Amino acid sequence: MISSRKVSPVTKQFCIVLNGSRRRLLISVGLIFTLAIGAGAVANRRTSVQQSINQSTILTVPPASYSHYVTPVGAALADVSSNVVVTVSAAAFDQVPVAPDSIVTAFGTQMASSIIVAGDADPNTPGIQLPTDLGGTSLEVNGRKAGLFFVSPNQINYLMPAATEIGIANVVVKFGQTISTGSVMIARVAPGIFAANSNGHDVPAATIVRVKPDGSQRYESLSQYNQQEQKYVTKPIDLPVDDVVVLVLFVTGIRNAADVNGDGNLNESFKVLIGGVEATVLAATRQPNFVGLDQVNAIIPSSLVGRGQVDVSVLGLGYNASNVVKIEIAGNGGTLPPSITGFGSANALAGTELLINGQGFSPVKEENQVRINGLDVPNVMEASVTQLKVLVPFNVESGTVTVRTPQGEGQSISTLQVRTSVSGYVENSSGLPLNNVPVRLVITSTQIITSTTNSTGAFVLPDVPPGAYFIYIDGDMLPSVPPYPNYHTKIPVYANRDNQLTTVPLQQETGNSGTIGGGSFTETSYGETAAPSVPDQQALTIQTDDYQLIVPAGTKVSGPNKETSVKATLTPLKNARTPVELPLGYFNSAIVQITPFNYALEPGAKLIMPNQDGYPAGADLTLFRFDPDSGKFVQEKGGAKVSADGKRIETADDAIKVTSYYFASVLRDTTTVVGRVINTVGKPVKSLVRCKGQIASTDGNGSYVLRFVPATNGEVLTVEGSTLLPTQNVVKTPNVNAPAKLGDTTQMPDLILPDETKNNPPDIDVPDRVQVVGGKTLELVITIRDRDQGQTIAATGISGADFVSLARIGFGPNANSYYLRFAPSASQAGNYTVSVTASDNLGATTKADISVVVTSVGK
């Protein structure tokens, strides 16, 4: 156990403003620098920082999943004759740079014979001396032996050698005759916050120190163990007006920051964001009682009173942000707080009604603020002194319920149990909701939970058993020509909560196609038929705009259902919108999909993409592919390279071995994008936000932290937000913009969620590009509808070309479907912009533009 004794009683004074008056607080270095866990109170808690560092149980997902992570750009993949080892922060588990003299974790296979925990290799020498060999296992970084905390067959925790050079470092693990190799990016500073559940998020392995007006101090816990959930959860922190409450975080990776004052305190080199508010940092320094451990102390802002669960992150100025953890801020107790005696049902499902019984509620429903396990309930539907009716929010988790009125805040004694569910919403690459999309979650071959998206694209899958399952979004069931693809991925489902997916944007298959595997190639536009199959695959090139898929002769195909051929379509992703976030620090606006997904190509194909982001000629890039088995983008061997003229990005001839999403990038300079989402009256909103491939969820203060957002200095970044309300209505915010500040926080203007009752203009779902041969007719099926209940499409129109017409199908399941016909003459070759317009019965109008290319016969 890490010692909780204080160090020397030398003191240092800090000036803190409380209630407008300056008070001089005498805070000891012992308080600031000790591991302030509290005398004996948590001596046997398994959330101690040492356990997070030393025990192999810190990983909450199977180690095999880490084989999907990638090495940084420029690092060679491990030799195929050896095992691969992947190094990540032992605090955060992110695939991002780590710092010298920090605590890190290596994942691999066959790295030791058993679990062995290190002791002090030389007890006679002051401090702790980590061994460099445990049970025959050793690890070297750039040829230097690393100190080992513990070893096991699949995981090693070690101290990154202090002398490790900035840049790419080579990692070698030796165990008998087994050699494991890998590489990792080293940065001078790389903050990582240890978490109580050893998962890199949720509640931190931290404590608080409360300083009373008389100068007395006491330690308090900010977490509590939930026996039913079998994990640590947040515990509400009181912030009385006269107290100073100091958050004590245990971190790693900060000690190499600049010491501005030369006093060993690095506080001027760091920001701490709590609920999006920049907190006063009292200290950032080495923790003296444990190797590689650092500590950051910051005052919790009193402005966060009553905000519930809020995010906490440490940012190194000139560097990047840490992982995000959560604490919970209580409201003021008040003189007559309400009491909660029970609930109208034994459990609750996201998106359904819940009755809260008790005493002392306000009969004015707007005066009751309800939270479930720290998560805001957006609106109270009905209110009386003894009962409240609310809609259970999405992303909710089992926990206590609090109700805050003008007279105070009360908390339930019992826990509200939440039924396990999966929720989300589906839209197209332009951000328009997709209605009537079938969603399936496959438990077993005979147990499948199904749903269908509503008019705003939302869905809920109730009563899902915990585990890891494939979820299928059947886009091809929509009555659209060209079709949408079928998308699937494996997701983890955690018990007793709603598991909300990120937005799932689907891109119509608007690109050109070709038959691979036992078929010759004829370049086609959608709606036309590929050439008949022949016995042997001929060499072919599928080209859409400046994208090419070059398939060698003799290529074999293996489909999900043992198919031996596939009509593949190559389509650029509009707005670079992918269903999952991109790897931290990587981005390219040129992202492409090859559909249908999950068809294996042997020996593989070559992909050429335009160099839209201006990477230098001849630059080596990392090639990424979306992998549905892990639900992430993973690195592909061989990478990609910018052409000598700088115009194209080209992969190796056999790099594309399975149909999926692809992009290539370098590890770019980044910024941390922060901001808030609020409604029209300034109330925080639980929302998802997106910026350049990074996705985050807001906290109880409506704040978000988007880490490692790739940018150039001064580049104007755009953040978009969308919210799945308990009404199962998806509401989007108008986008906001701000210039990027590299190595710092880029502060965004507030995202304002509009009133969900306002009239929405019609949705027009059309392809962004169309190619048709002059003298031929191409007929598409598009959707025009109004998502607002009870409203209708009153008028539609077409402009931009006289050879385009629009006719409504208008019956049964195709009530919102229209035929869009292109019939150019042979003399009308050229480029056109065709606009489709629609108005609803309240006068709201939408216009959608289509880029139309009419080619001459034979081209």
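Residues numbered from 1 in each chain as written. Predicted model: local features only at pLDDT ≥ 70, side-chain atom pairs only at ≥ 80, totals over all residues. Heavy atoms only, no water.

Student: Mind showing me how you'd approach the overall build of the protein here?
Tutor: Each helix and strand counted, the protein has two helices and 71 strands in total. Taking the contacts inside the protein whose residues are at least 6 apart along the sequence as the reference set, 66% of them involve residues at least 24 apart. When the accessible surface of the protein is totalled, it reaches about 32,900 Å², and 50% of it is carbon and sulfur. (Helix = DSSP H or I, 4+ residues; strand = E, 2+ residues; numbered from the N terminus. Contact = heavy atoms within 4.5 Å. Areas by Shrake-Rupley, 256 points an atom, 1.4 Å probe, with all protein chains shown as cover.)

Student: Just to check I follow, could you spell out the sheet that holds strand β68 (residues 804–808) for this structure?
Tutor: Sheets are built from strands that pair by backbone hydrogen bonding, the pairs being arranged parallel or antiparallel. If you trace the four strands from one edge of the open sheet to the other, you get β64-β66-β69-β68, paired in antiparallel fashion. The sheet terminates laterally at β64 (763–765) and β68, the two strands that pair on one side only. For this sheet, the mean inter-axis angle between neighbouring strands, taken without regard to orientation, is 25°. Of the strand pairs in this sheet, β68 and strand β69 (residues 817–822) are connected by five bridges, and their pairing is antiparallel. If you follow Arg808 over to β69, its bridge partner there is Tyr818. (Pairing = 2+ DSSP bridges. Axes fitted to C-alpha atoms, helices over the stretch in contact; angles between N-to-C directions.)

Student: I would appreciate a short explanation of the packing of aromatic side chains in the present structure.
Tutor: The geometry of an aromatic ring pair comes down to the distance between the two centres and the angle between the two planes. This model, assessed by the stated rule, comprises 12 aromatic pairs. The rings of Tyr487, Tyr586, Phe597, Phe624, Phe626, Phe633, Tyr661 and Phe663 are connected pair by pair, giving a single aromatic cluster. A cation over a ring is seen here: Arg440 above Tyr472, with NZ or CZ 4.6 Å from the ring centre. (Phe/Tyr/Trp six-rings, centres within 6.5 Å; stacked < 30°, edge-to-face > 60°. Lys NZ or Arg CZ within 6 Å of the ring centre and 35° of its normal.)

Student: Would you take a moment to explain the environment of Asn320 for this structure?
Tutor: Tracing the chain through its elements places Asn320 in the loop between β22 (308–316) and β23 (325–329). Each C-alpha atom of the pair Asn320 and Thr671 lies 7.0 Å from the other, and the pair is 351 residues apart in sequence. A polar contact of 2.5 Å, which involves the side chain of Asn320, links it to the side chain of Thr670. (Polar contact = N/O pair within 3.5 Å; in protein donor to acceptor, adjacent residues only side chain to side chain.)

Student: Looking at this structure, how should I read the environment of Gln507?
Tutor: Tracing the backbone through its elements, the reader meets Gln507 in the loop between β41 (504–506) and β42 (512–516). The spacing of Gln507 and Leu573 is 66 residues in sequence and 6.3 Å in space, taken between C-alpha atoms. In this structure the side chain of Gln507 is engaged in a polar contact, spanning 2.9 Å, whose partner is the backbone nitrogen of Lys574.

Student: Is there a simple way to think about the sheet that holds strand β32 (residues 408–411) in this case?
Tutor: Taken together, the four strands give an open sheet; going across it, the order is β28-β27-β31-β32, and neighbouring strands pair in antiparallel fashion. Pairing within the sheet leaves two strands with one partner each, and these edge strands are β28 (375–376) and β32. In this sheet, β32 lies alongside strand β31 (residues 401–405) in antiparallel orientation, the contact comprising four bridges. Looking at β32, one finds that Thr405 is bridged to Gly408.

Student: What is the right way to read the environment of Val674 from this model?
Tutor: Take Val674: it is sitting in strand β55 (residues 670–679). Once residues within four sequence positions are removed from consideration, Val674 is found in contact with Leu273, Tyr704, Val705, Thr745, Thr746, Gln747 and Met748.

Student: What should I look at first to understand the pairing of strand β54 (residues 661–665) in this one?
Tutor: The side chains of a regular strand alternate, first on one face of the sheet and then on the other. In terms of residue burial, β54 counts as a mostly covered element, since five of its five residues are buried. Burial along β54 is two-sided: the face carrying Tyr661, Phe663 and Ser665 and the face carrying Tyr662 and Ala664 are both buried. The sheet contact formed by strand β47 (residues 592–595) and β54 spans two bridges and is antiparallel. Note on β54: the bridge partner recorded for Gln593 is Tyr661. With four bridges connecting them, strand β49 (residues 620–627) and β54 associate as antiparallel partners. Residue Arg625 lies in a different strand from β54, and its bridge partner there is Tyr662. (Buried < 20%, exposed > 50% of the residue type's maximum accessible area, 1.4 Å probe, protein only.)

Student: Could you clarify how one ought to interpret the pattern of salt bridges in this entry?
Tutor: Once their charged atoms are close, side chains differing in charge can pair, the charge on each being opposite to the other. All chains considered together, the criterion is met by 36 salt bridges. Residue Arg210 pairs with Asp243 through a salt bridge whose shortest N-O separation is 3.2 Å. In this pair, Arg210 is assigned in strand β14 (residues 206–211) and Asp243 in the loop between β17 (231–234) and β18 (244–252), connecting sequence segments 33 residues apart. Across the salt bridge formed by Lys389 and Glu353, the nearest N and O atoms sit 3.8 Å from each other. On the criterion of sequence distance, the pair formed by Lys389 in strand β30 (residues 387–391) and Glu353 in strand β26 (residues 353–359) is long-range, its members being 36 residues apart. Three or more residues are tied together by salt bridges with common partners; here these are Arg210, Lys212, Arg218, Glu220 and Asp243. (Salt bridge = Lys/Arg side-chain N within 4 Å of Asp/Glu carboxyl O.)

Student: Help me out: how do you make sense of the side chain of Ser180 in this one?
Tutor: Structurally, Ser180 can be placed in strand β12 (residues 178–186). The contacts of Ser180, once residues within four sequence positions are left out, are Asn83, Val85, Thr109, Met111, Val171, Val172 and Val173.

Student: Sorry, what's going on with the nonpolar core here?
Tutor: Formed by 35 residues in total, the largest nonpolar core has its most connected members in Val422, Leu461 and Val464. Counting residues per element, the ones that place at least two in this core are β34 (421–428), β35 (438–442), β37 (458–462), β38 (467–474), β39 (486–493), β41, β49 and β54. When near neighbours in sequence (up to four residues on either side) are disregarded, Leu461 contacts Thr420, Ser421, Val422, Val439, Leu441, Ile449, Thr450, Ser451 and Ile471. Counting 34 residues, the second largest nonpolar core, distinct from the first, contains Leu222, Leu247, Val281 and Val310. (Core = buried A, V, L, I, M, F, W, Y, C linked by side-chain atoms within 4.5 Å.)

Student: Explain the pairing of β18 here, please?
Tutor: The buried fraction of β18 is high, at nine of nine residues. Covered by surrounding structure in β18 are Val244, Val246, Val248, Phe250 and Thr252 together with Val245, Leu247, Leu249 and Val251, the residues of both alternating faces. Two elements, strand β13 (residues 192–193) and β18, share two bridges in a ladder whose sense is antiparallel. Following the sheet pairing, Gly192 is matched in β18 by Thr252.

These values are about where atoms sit, not about what they do.
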